[in-house]
Amino acid sequence: MSEKPVILLIDGNALVHRAYHAIPPLTSQDGEPTNATFGFTSMLLKVMSEFQPAYAAVAFDVGRTFRHDQYVDYKATRPAMAGDLAPQFSRVQEIIAAFGIPMYSVEGYEADDVLAALSDQAAEQGLEALIVTGDTDTFQLIRPGVRVLISGRKFTETKVYDEEGIRERYGLEPEQLVDFKALVGDVTDNIPGVKGIGEKTAVKLLQAYGTIEGIYEHLDEIDAPTRAKLQVGEENARRGKQLVQLVHDLPVRLDLSKSRVGDFDRDAVMAIFRELGFRSLVDRVPGKRGGEPLGQLPLFETKEAARPAAVPEALPLGDYRVVDTPEALEDLLRTLSSAHRVALDVETTALDAMRADLVGLSLAAEPGSGYYIPLGHTTGRQLPLEQTLHRLRPVLSDAKLPKVAHNAVYDLTVLAEYGLMVEGLAFDTMIAAWIIDPTGRNIGLKGLAWERLGAEMTPITDLIGKGKAQITIDQVPIERVTPYACADVDFTLRLADILEPELRELKQWDLFANIEMPLVPVLVGMERAGVAIDVPFLHAMSRELHERLVALEKEIQEMVGYPFNINSTQQLGEALFDRLGLPANVTIRGTSGAYSTSAEVLEKLRGKHPVIELILEHRQLSKLKSTYLDALPLLVNPRTGRVHTSFNQTGTVTGRLSSSEPNLQNIPIRTELGRKVRRAFVAREGCLLLGADYSQVELRILAHVSQDQNLLAAFERGEDIHASTAATVLGVPLDKVTPEMRRIAKAVNFGIVYGMSEYGLSQRTELSVEESSEFINNYFARYPRVREYLARTKAFAYEHGYVETLLGRRRYFPELRSDSKAHAGLKRAAERMAINMPIQGTAADIMKIAMIRVDNALREQRLKTQMILQVHDELVFEVPREEMDIVRPLVESTMEGAFKLDAPLRVDIKIGQNWEEMS
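Definitions and limits used
Residues numbered from 1 in each chain as written. Predicted model: local features only at pLDDT ≥ 70, side-chain atom pairs only at ≥ 80, totals over all residues. Heavy atoms only, no water. Helix = DSSP H or I, 4+ residues; strand = E, 2+ residues; numbered from the N terminus. Rg over C-alpha atoms; globule rule 2.2 N^0.38 Å. Buried < 20%, exposed > 50% of the residue type's maximum accessible area, 1.4 Å probe, protein only. Areas by Shrake-Rupley, 256 points an atom, 1.4 Å probe, with all protein chains shown as cover. Lys, Arg positive; Asp, Glu negative; His and termini not counted. Charge placed at Lys NZ, Arg CZ, Asp CG, Glu CD. Pairing = 2+ DSSP bridges. 1 Å grid on protein atoms, 1.4 Å probe; cavity = no way out; pocket = protein on both sides within 12 Å on 5 of 7 lines; lining within 4 Å. Points joined across faces, edges and corners; volume = space filled by probe spheres on them. Contact = heavy atoms within 4.5 Å. Axes fitted to C-alpha atoms, helices over the stretch in contact; angles between N-to-C directions. Polar contact = N/O pair within 3.5 Å; in protein donor to acceptor, adjacent residues only side chain to side chain. Phe/Tyr/Trp six-rings, centres within 6.5 Å; stacked < 30°, edge-to-face > 60°. Lys NZ or Arg CZ within 6 Å of the ring centre and 35° of its normal. Nonpolar A, V, L, I, M, F, W, Y, C, P; charged D, E, K, R; others polar. Core = buried A, V, L, I, M, F, W, Y, C linked by side-chain atoms within 4.5 Å. Left-handed = near helix turned anticlockwise from the far one by under 90°. Parallel < 35°, antiparallel > 145°, perpendicular 65-115°, else oblique. Salt bridge = Lys/Arg side-chain N within 4 Å of Asp/Glu carboxyl O. pLDDT = per-residue confidence, 0-100.

Draft legend 1. A look at the overall build of the protein. When helices and strands are tallied, the protein shows 35 helices and 23 strands. For 919 residues, the compact-globule formula gives about 29 Å, and the C-alpha radius of gyration of the protein, at 33 Å, lands near that figure. In the protein, which comprises 919 residues, the proportion classed as buried is 54%. Surface exposure of the protein reaches about 40600 Å², of which carbon and sulfur atoms provide 49%. Counting 104 positive and 129 negative side-chain charges, the protein places the centres of these two groups 3 Å from one another.

Draft legend 2. The arrangement of the sheet that holds strand β13 (residues 531-533) in detail. Spatial ordering of the open sheet is given by β14-β13-β17, a layout of three strands whose pairing is antiparallel. This sheet does not close on itself; its edge strands, each paired only once, are β14 (642-643) and β17 (681-682). With two bridges joining them, β13 and β17 adopt antiparallel strand pairing. Bridge pairing in β17 links A532 to V682.

Draft legend 3. The arrangement of empty space enclosed by the protein in detail. Counted by the stated rule, this structure contains one cavity of 30 Å³ or more. Empty space within the largest cavity amounts to approximately 50 Å³. Around the largest cavity, the lining is made up of eleven residues, and of these Q29, A433, D437, R441 and E451 lie nearest the centre. Of all elements in the fold, only α16 (429-436) and α17 (445-453) reach the threshold of two or more residues within the lining of the largest cavity. Here the lining of the largest cavity gets three residues from one element, more than from any other, and that element is α17.

Draft legend 4. Here's a closer look at the sheet that holds strand β5 (residues 146-151). Spatially, the six strands line up as an open sheet ordered β3-β2-β1-β4-β5-β6, and their pairing is mixed. The sheet is open, and its two edges are formed by β3 (103-104) and β6 (158-161), each paired on a single side. Strands β1 (6-11), β2 (55-59), β4 (128-133) and β5 of the sheet are contacted by helix α1 (residues 12-22), whose axis makes an angle of about 60° with β1.

Draft legend 5. Layout of helix α29 (residues 721-730). Within α29, eight of the ten residues are buried, which leaves it mostly tucked inside the rest of the structure. Those residues of α29 not exposed but buried are I721, H722, A723, S724, T725, A726, A727 and V729. The secondary structure elements touched by the buried residues of α29 are α27 (697-706), α28 (709-716), α30 (739-752) and α32 (769-782). One side-chain oxygen at the N-terminal end of α29 lies 3.0 Å from the backbone nitrogen of H722; it belongs to D720. Positioned one or two residues after α29, G731 has a phi angle of 70°, which is positive.

Draft legend 6. Geometry of α17. The element α17 is largely enclosed, with a buried count of nine among its nine residues. Along its buried surface, α17 packs onto α12 (266-276), α16 and α19 (478-505). Once α17 finishes, G454 follows within two positions and takes phi at roughly 70°, a positive value.

Draft legend 7. Highlighting the packing of aromatic side chains. Tallied over the full model, the rule gives 15 aromatic pairs. Aromatic side chains F38 and F278 sit 5.2 Å apart centroid to centroid with 80° between the ring planes, which places their arrangement in the edge-to-face category. A residue pair is termed long-range when its members are at least 10 positions apart, and F38 in helix α2 (residues 35-51) and F278 in the loop between α12 and β7 (319-322) qualify at 240 residues. Ring centres of Y779 and F780 lie 5.6 Å apart, and the angle between their planes is 80°; on these two criteria the pair is classed as edge-to-face. Residue class for Y779 comes out buried when judged on its relative accessible area of 0%. Three or more aromatic residues joined by ring pairs form one cluster here, namely F139, Y161, Y170 and F180. Positioned above the aromatic ring of W509, the side-chain terminus of R504 is 4.1 Å from the ring centre. Taking NZ or CZ as reference, R678 lies 4.1 Å from the ring centre of W915, over its face.

Draft legend 8. A look at unusual backbone geometry. Residue P662 is bonded to the preceding E661 through a cis peptide linkage, with omega at -5°. Relative to the elements of secondary structure, P662 occurs in the loop between β16 (658-660) and α26 (672-678). Backbone geometry places K507, a non-glycine residue, at a positive phi of 60°.

Draft legend 9. Inspection of the layout of surface pockets at higher detail. Size it by volume and the largest pocket reaches roughly 1700 Å³. Lining the largest pocket are 41 residues; nearest its centre among them are I669, R670, K746, F750 and H872. Looking at the lining of the largest pocket, the elements with two or more residues in it are α24 (610-629), α26, β18 (687-694), α27, α30 and β23 (907-912). Taken together, the residues of the lining of the largest pocket sort by class into 14 nonpolar, 13 polar and 14 charged.

Draft legend 10. Seen up close, the nonpolar core. The biggest cluster of nonpolar side chains holds 199 residues, and the ones touching the most others in it are L363, Y694, M851, F877 and V891. The biggest single contributor to this core is α19, with 14 residues. Apart from residues no more than four positions distant in its own chain, L363 is found in contact with L332, L336, V342, A343, L344, G370, Y371, I373, L392, L396 and V489.

Draft legend 11. Seen up close, the packing of α16 against α19. For the pair α16 and α19, interaxial distance at closest approach is 10 Å and the crossing angle is 35°. The crossing of α16 and α19 is left-handed. Here T429, A432, A433, I435 and I436 of α16 lie close against α19, whose contacting residues are T492, L495, A496, L499, E502 and L503. Grouping the constituent residues of the contact of α16 with α19 by class yields eight nonpolar, two polar and one charged.

Draft legend 12. Quick peek at the environment of S706. Relative to the helices and strands, S706 resides in helix α27. The class for S706 is buried, based on a relative accessible area of 2%. For the pair S706 and Y789, spaced 83 residues apart in sequence, the C-alpha separation works out to 5.3 Å. If near-sequence neighbours (up to four positions away) are discounted, S706 is found in contact with R785, V786 and Y789.

Draft legend 13. Fine view of the packing of α29 against α32. Between α29 and α32, whose axes approach to 9 Å, the crossing angle comes to 95°. Regarding the angle of α29 to α32, the classification is roughly perpendicular. Mapping the contact onto sequence places T725, T728, V729 and L730 in α29 and F775, N778, Y779 and R782 in α32. Per-class residue counts for the contact of α29 with α32 are four nonpolar, three polar and one charged.

Draft legend 14. Just the pattern of salt bridges, in detail. The final tally for this structure, using the stated rule, is 49 salt bridges. D845 is the salt-bridge partner of R809, the closest N and O atoms lying 2.7 Å from each other. Here D845 lies in helix α34 (residues 824-860) and R809 lies in the loop between β19 (802-804) and β20 (810-812), a separation of 36 residues in the sequence. Residue R809 is classed as buried on the basis of its relative accessible area, which comes to 3%. Overlapping salt bridges bring together E32, R91, E94 and E275 as one network.

Draft legend 15. Summary view of the environment of L344. Summarising the element assignment, L344 is placed in strand β8 (residues 342-348). Each C-alpha atom of the pair L344 and P610 lies 61 Å from the other, and the pair is 266 residues apart in sequence. Not counting the four nearest positions on each side in its chain, L344 is found in contact with S362, L363, L396, K403, V404, A405, D411, L415, V422 and V489.

Draft legend 16. The pairing of β18, seen in detail. Counting buried positions along β18 gives seven out of eight residues, so the element sits mostly inside the fold. Summarising the sheet, β18 and strand β22 (residues 874-880) pair through seven bridges and their orientation is antiparallel. Within the sheet, the bridge partner assigned to G691 lies in β22 and is V876. In terms of strand pairing, β18 meets β23 through six bridges, oriented antiparallel.

Draft legend 17. How the structure looks around the confidence of the model for the protein. Looking at the protein as a whole, its pLDDT mean stands at 89, while 93% of the residues score no less than 70. When the criterion is pLDDT under 50, residues 289-315 qualifies, and its contacts beyond four places in sequence or with other chains add up to 61 contacts.

This is the structure:
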């Protein structure tokens, strides 16, 4: 590689377009489309980091080019620029300017022409030019001192081409690619090429004759069929070469004094990033701020923050202290005893709260201060663990002293496992931020501090490293951990002071204070309780499935006619479509060029060959075995002998709880084998499992909010609502409703609140699109107030940019506001989500209220029964047999009374020794 300084020459147009099509739709919190902007910026930071250039410049197209004058159909087949792409160009240019990178363009010429001129000038000034682009048009510029970096099928995958790379890919020299494209044509630019001349023939001709001119000079040496094609297409070939050839002699001058990398306003970059929500890119921005190393508190004023009012003009530096002597601990206790609130945070060795070792505890009573108590570091002076926690217990277990934390479930779980029960939790900044922005963007502490306070906090990886070299925080010197840990509690208090008034202003305080915060200790109890697993049963079932999988593999290979790896999509595709000759019209070739064997493709092939059923069964059993039968035993906590899931309070936009590590909300139930897995979830000795499931809660909420009298009457009569709907819509007596009629009605009942179309219904049933349309129309004719509710909700979302549940939980849809640049597909998806959210979100709110009230009732009666799972609309309890007669009616009445609906809540109770018995 050359020792010359490197200059990045970036094709702005190509990269923006490539990013737009490669990255799924993204929007800022204000609804501004950002996928192309994010992709471009991410690529810019990637190449700056990898190649450490001395200089950089960006080229853009501007206006109509001379090529359009030469050939009226030039690029004529390209679709018009998408409405949500155009505004992103100006954002990209704003970011480029903030990075201090000059932009070049020349009227009448394309960015590629500008890059040709700039690369020449860079070479003249002794630089190594690296052209960064999203297409291959600039390959012709490659020569000693000029290389091209191009993004691959995945936008983040890049490859650098030099002369040898072009020879390997094309078998040609870089300058011959002009002739190559002129011969084979270019669909993207609508260059026709020579009809009948493919890539192999073009390469062969150019290897023999060098250029298009050379080919036509030696036509008599070329075989007759090819010669005839060349003669017919000569005009296209020669004109194509003129169109493809880049222009080097342009009125543009590379100014190295303005192109030097690193001379930029970092604050300006951060302000734009905050406005767009690009938190994940912050740590990749090079350079230092104000000549100081990027440390714990490089705070700065921001003029263009996403929420200007939330970013103070100045933040005091933190007064951070280590508490590593008994005297210092007593001083801290005196400070805490007179505090009106206390922020707390734990430092541990693991993300799993049930397996983590406590390393240290940080506390703060006022913003700008922080105390770190080291308890479990491998070296350094620190306090004894048990005695210190004993001294802290009166303060932290005092319910009258408000506690503040970020992701409090984790902290409270860790401390509870060490025997310290924290009481009085009043504010969780992660939950508050999530209620304000339910998308969950930047709800991590460091993301919030950056967005709301303009603070770039030290990432944990600066302390413990990454990858194989990563250590645990107990191995980090105490003097390094102290400012990190203290900043966590300091900024938690600062953020609480910003987020509380905002919650009140948005009328979200009641939701936060009366539902979300009281739920935290409930979740702590559930996560600590865990669930018992019958490990021998899972092992035995795994062995059974292994035998069946081996038999299936043998049977599949026999049907195909040769042995192959069934788990290889490439080999399976070749077996199905090349060997067995299954219809190619249902196959899709992926980006690798291999046949697609996705579930969607295989479903379309059902009935075409008996091997398809076996392959689908093999996949189902293989997934079941790996995901549950083999994985769950490994997740049993060796200390408790139980599996402990994490219930994520901020994991969804609707307010529903999610479950992870492991996900116990996704255990299959529709298949016999899936239900069998649930048999492994058992009650401990002397107990039974009790499942309390809300019956059709979302439809009851729909009846309530729509006030549709037919729907309300059906619930009032206690009818099977799906059978009732079928009878009402189809005009048949209730006792004449067939299972198929009920199945279609059920699909409509649930689909309506998800904005399902007639096409969607036809996909879920045996109905045609026309029949589905008729069924839905009849449904709305019978339930007219439901249609009115859907229309009313959609109109509200368009007018206000959000919808809300019966308890006031909001979900925002800025893409529906009148000034939104979001494309039609995004808006249609937003409409469907807006219709669904008030229903699903209200169901989530009701479930949380029920969990809090049931937990309180169990505590008040000092029962040993423990709530252990929340799955969809169901709560699962582990109940001592002697408490069952008390717990069953208590749970049923409490859940049914959690919220008053005009279609009253109903709960189905099931009891069993294991979860399958309750399914």
